[in-house]
Amino acid sequence: MYCHICFKSMQEETTWKDLLTPKLFEYICTECEDQFERNSSPTCQKCMKRSEASICHDCKLWQQILTTDPLEQNISIYTYNDFMKDAIARFKYRGDYEIQMVWRKIILETFKKYFIHDKLTIMPIPLSEERHQERGFNQAEALATSITYEPDTKTLIRIDSGKQSKKSRYERMHSANPFQTTQPPPKHILLIDDIFTTGTTIRQCAQTLKQAGAQSIKSLTLIRS
Amino acid sequence: MNNPPPLIEELARRFTGKLLLKHELNVTQRLFDYLTKHHLIEPLPGINQTFHINTCLRCMNRKPHLFGKIPSNSTSPTIYCKNCIQMGRVSTREPLYIWKGPQPKRPVVDQPLQWHGELTPLQEKASDQMVEAIASQSQLLIYAVCGAGKTEMLYKGIAHAISQNKRVCIATPRADVVKELAPRLRRDFPAIDAAALYGGSTEKDFNAHLVIATTHQLLRYQHSFDVTIVDEVDAFPYHHDRSLPKVVKRATKPNSTLIFLTATPRLDMKLRIATKQIPTVSIPVRYHGHPLPIPTFKSIFRLQKQLEQLQIPQVITKWINEREQSQRRFLLFAPTITLAEELSKKLKIPYVHADSPDRNYLIQQFRARNIKALITTTILERGVTFPSIDVAIIQADHQVFDEAALIQIAGRAGRSAHDPTGDVTFFYELKSNAMVRARQYTINKNSEAERLK
Ligand SMILES: [Zn+2]
Ligand SMILES: [Zn+2]
Ligand SMILES: [Zn+2]
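Draft legend 1. Up close: the interface of chain B and chain A. Opposite the 14 residues of chain B that make contact, chain A presents 13 residues. Counting each side, the surface lost to burial between chain B and chain A is near 1,200 Å², with a carbon and sulfur contribution of 51%. It is H65(B), K82(B) and R89(B) in chain B that bury the most area against chain A; as a group they hold 41% of the surface buried on that side. Linking chain B with chain A are one salt bridge. Measuring nitrogen to oxygen at the nearest pair gives 2.9 Å for the salt bridge that ties K82(B) to E98(A).

Draft legend 2. Representation of helix α10 (residues 314-325) of chain B within the structure. All names here are of chain B. With 12 residues, α10 extends 16 Å from end C-alpha to end C-alpha; this agrees with the ideal 16 Å at 1.5 Å per step. Buried within α10 are the following residues: I316, W319, I320 and R323. Buried residues in α10, looked at end-on, bunch into an arc of 95°, giving them a common side. Turned more than 90 degrees off the buried face of α10, the exposed positions are Q314, K318 and Q325. Taken together, the buried residues of α10 touch α9 (303-308), β15 (329-333), α11 (337-347), β18 (389-394) and β19 (424-428). Remark: Q327 follows α10 within two positions and exhibits a positive phi of approximately 60°.

Draft legend 3. A look at the coordination of the zinc ion (ligand 2). All names here are of chain A. Ligation of the zinc ion (ligand 2) by protein atoms is provided by C44 (SG), C47 (SG), C56 (SG) and C59 (SG), these donors lying 2.3 Å from the ion. Note that the zinc ion (ligand 2) binds four donor atoms; their angles at the metal cover 105 to 112°, and the shape is tetrahedral. Read from N- to C-terminus, the donor residues coordinating the zinc ion (ligand 2) fall into the pattern C-x2-C-x8-C-x2-C. Just as C47 is buried, C56 falls in that class too.

Draft legend 4. Region of interest: the coordination of the zinc ion (ligand 3). Residues and elements named next belong to chain B. For the zinc ion (ligand 3), the full set of protein donor atoms is C56 (SG), C59 (SG), C81 (SG) and C84 (SG), at a range of 2.2 to 2.3 Å. The coordination sphere of the zinc ion (ligand 3) comprises four donor atoms, whose angles at the metal cover 103 to 113°; the geometry is tetrahedral. Read N to C, the donor residues that coordinate the zinc ion (ligand 3) are spaced as C-x2-C-x21-C-x2-C. Highlighted residues: C59 in the loop between β3 (53-56) and β4 (67-70) and C84 in the loop between β5 (78-81) and β6 (96-99), separated in sequence by 25 residues. Under the relative-accessibility criterion, C59 is labelled buried at 2%. In this structure C84 comes out as buried when scored by relative accessible area, which is 3%.

Draft legend 5. Molecular detail of the sheet that holds strand β2 (residues 121-124) of chain A. Residue and element names in this part refer to chain A. Taken in spatial order, the four strands of this open sheet run β1-β6-β5-β2, and their pairing is parallel. Whereas interior strands pair on both sides, the edge strands pair on one side only; in this sheet they are β1 (73-79) and β2. The average angle at which neighbouring strand axes cross in this sheet is 20°, direction not considered. Of the pairings in the sheet, the one linking β2 to strand β5 (residues 188-196) comprises four bridges and is parallel in character. Across the sheet, T121 pairs through a bridge with I189, a residue of β5. In this fold helix α4 (residues 82-94) packs onto β1, β5 and β6 (216-224), with an angle of close to 110° to the strand it touches most, β6.

Draft legend 6. Representation of the packing of aromatic side chains within the structure. Per the stated rule, a full pass over the model turns up 18 aromatic pairs over all chains. Ring plane angle 80° and centroid distance 5.4 Å describe the contact between W319(B) and F330(B), whose orientation is recorded as edge-to-face. With W319(B) in helix α10 and F330(B) in strand β15, this residue pair connects regions lying 11 residues apart in the sequence. With a centroid separation of 6.4 Å and an interplanar angle of 85°, the aromatic rings of W319(B) and F427(B) are classed as edge-to-face. With W319(B) in helix α10 and F427(B) in strand β19, the pair connects residues that are 108 residues apart, well separated along the chain. Residues W319(B) and F427(B) agree in their burial class; the two are buried. Three or more aromatic residues joined by ring pairs form one cluster here, namely F36(A), Y78(A), F83(A), F91(A), Y97(A), W103(A) and F137(A). Looking at K22(B), its charged tip hangs above the ring of F32(B), at a distance of 4.6 Å from the centre. R329(B) extends its terminal NZ or CZ atom over the ring of F366(B), reaching a point 4.7 Å from the ring centre.

Draft legend 7. Structural context of the layout of surface pockets. The volume enclosed by the second largest pocket comes to roughly 1,300 Å³. Forming the walls of the second largest pocket are 42 residues, and the residues nearest its centre are H132(A), F137(A), E141(A), P71(B) and N73(B). Secondary-structure elements contributing two or more residues to the lining of the second largest pocket are β2, α6 (129-135), α7 (139-144) and β3 (156-158) of chain A together with β4 of chain B. Its residues assigned to classes, the lining of the second largest pocket shows 14 nonpolar, 15 polar and 13 charged.

What counts and how
- Sequence order as written defines residue numbering, which begins from 1 separately in each chain.
- Chain letters and ligand numbers both follow the written order, the letters beginning at A and the numbers at 1.
- Given that the model is predicted, a residue must reach a pLDDT of at least 70 before its local features are reported, and side-chain atom pairs must reach 80 or more before they are shown or counted; all residues, however, enter totals for whole chains, interfaces and linings.
- Derived side-chain values reflect all non-hydrogen atoms in the structure, with water molecules and hydrogen atoms excluded from consideration.
- We call two residues contacting when some pair of their heavy atoms lies within 4.5 Å.
- What gets called buried area is simply the loss in accessible area from a 1.4 Å probe that two parts show on being joined, summed for both.
- The term salt bridge refers to a side-chain nitrogen of Lys or Arg lying within 4 Å of a carboxyl oxygen of Asp or Glu.
- In this description a helix means any DSSP run of H or I spanning at least four residues, a strand means any run of E spanning at least two, and both kinds are numbered starting from the N terminus.
- Expected helix span is taken as 1.5 Å per residue step, with the number of steps being one fewer than the number of residues.
- Partly exposed describes any residue whose relative accessible area lies between the buried limit of under 20% and the exposed limit of over 50%, with all areas from a 1.4 Å probe on protein chains only and scaled to the type maximum.
- It is the directions from the helix axis to the C-beta atoms that the arc portrays.
- Here a donor is any nitrogen, oxygen or sulfur atom (N, O, S) within 2.8 Å of the metal, with 3.2 Å used for Na, K and Ca; water is not among the atoms considered, so some sites may look incomplete.
- Any site counts as irregular unless it has four donors with all angles between 85 and 135 degrees, making it tetrahedral, or four or six donors with opposite ones more than 155 degrees apart and the rest between 65 and 115, making it square planar or octahedral.
- Two strands are said to pair when DSSP picks up at least two bridges between them.
- For helices, the fitted line uses only the C-alpha atoms of the stretch in contact; every axis is such a line through C-alpha atoms, and the angle between N-to-C directions lies from 0 to 180 degrees.
- Side-chain rings of Phe, Tyr and Trp, where Trp is taken by its six-membered ring, are said to pair if the distance between their centres is within 6.5 Å; with planes under 30 degrees apart they count as stacked, over 60 as edge-to-face, and otherwise as tilted.
- Consider the ring centre and the ring normal. A charge sits over the ring if Lys NZ or Arg CZ is within 6 Å of that centre and within 35 degrees of that normal.
- Any residue with an atom within 4 Å of a point lines the site, the site being either a cavity, points on a 1 Å grid over the protein atoms alone where a 1.4 Å probe fits but cannot get out, or a pocket, an open set with protein on both sides within 12 Å along at least 5 of 7 lines.
- Grid points are joined across faces, edges and corners, and a volume is the space filled by probe spheres set on the points.
- The residue classification treats Ala, Val, Leu, Ile, Met, Phe, Trp, Tyr, Cys and Pro as nonpolar and Asp, Glu, Lys and Arg as charged. All others, Gly included, are polar.

Next up, the structure:
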């Protein structure tokens, strides 16, 4: 087996550590694995941003903007360090689809730990048709397939294709909602995305779904930046 | 024949001799549709699939684990190459485009070289052989010791080629070298178009007279150069990556000249020299005529153990103190990043490695003499030169220091004509074959030079 990040053969570099603690992922070598950083406490109870206060400033702000926050809870696995930035750039912008193999196991484990009893419908954040064409896949959908073979990709669609990363923080928190529903949504939904930054995208989805009749929305994201 | 319209001429300059992804063409969809409809550009499959073996037609990768698969609900999965994905994705759905329109013209420069320095007789000899190789479209290996002044040796050949309206490429493994070389070449060839290409550079090659590029940049070329100079042919990545020689060959025109440069040929190249499969010119002397510094061997009992316990042996501190007292600047090579870091803490000397964020800054500070010493991993082993320094290797018997690495490191000392001697010391525990061979190389080269006098 070869590491999906550094492409090194993994037989060659089995270390004592691997023998003592069985490898978590068979798609990633120990060296690369060690460079991803787990989200560590204290964090906001709601969105997992690093925060001393139990509810962070961002979440309070959203409460103000939206009156009621459509997002119940977000769980994130990793923080956004330089190593992760490079991995995500290769995944999303260069289009290395298979890099997500290294996160499948931990996504499933995290899902089981937090959400398994909730009877949730798994729903990846949609991409616009244009971007999907360009990239050849939706990264959120790729991550969602770690949990289920058939995530719900029908209910929610994205219309615009404005690049989030080019907007300022204020613009992102106040930008028009690009999401629409195409059919009545399921009652309880778990949104899946690669990265939770300001929470705008996730909350826009959540709001659209709630307005269309969904009852509760939670999210699972690979990274909390 | 009528001249093509200006837009087509410009596109010809941009696209000729290249293999580009659609987004690299950087044209509007409308223009793209026009170009394909009129067969001015043509797609080539990005991935060749024969008998279940995939080949990436950009980087020539054939290793199964370096291909990925993107599933699709409606069609067959897309196969893409992971090996060269940093340059944009090549896949079964993302072809490479080549220019099929009229060939662009390049202004002829009669006297491109404006350099009035003097060559040593040996440099002169290499220069003349290179000119001959260009005229006869053959190959040549220039086997020159570190500090032989290889750049100046190339000048005459490059000038000759350009005045014959030939397109020249210098490919080197490291971006640092491209950055160092480009301004010198621009200064000495002021009237030509030159493009310096490396990962992250913003320059564009619009059918330039001279392209100075990292070896990897050649992945974007096909039948483009009349003269290709491959610098440090023994160095990573040319040496390790079996597909790169193919890439270099593809970047050259069918009837063209290949010039290889090396100070430390690997076994395969040595065999080709010995069996006269490649014409070779040997330069065993530095441009300033002084012999290569011979490495001093200093064995240290239990060196590994002492370093593990974070003790720095006295012999080493003594060597450092001597430099500091006589105000000699020095480089200290360490086999691993971890050891470099530990030494740096202990000795209070800054350290650099391939990924250090302040690498360029520290190198520049060292060159500007604002820092008197630097600890480094093998990244400073080649290419980059500093005048008037001493070098020492801690654990010269470590496996990362093979013969070529040791010769290259020793070659960092005594580069300046004003200060042609420099101390080279190998600290070690158990003498390695590589160390012995590296010292023998120096002795051999010096006596070869002596015989030429
Ligand atoms: Zn790895
Ligand atoms: Zn929060
Ligand atoms: Zn490739």
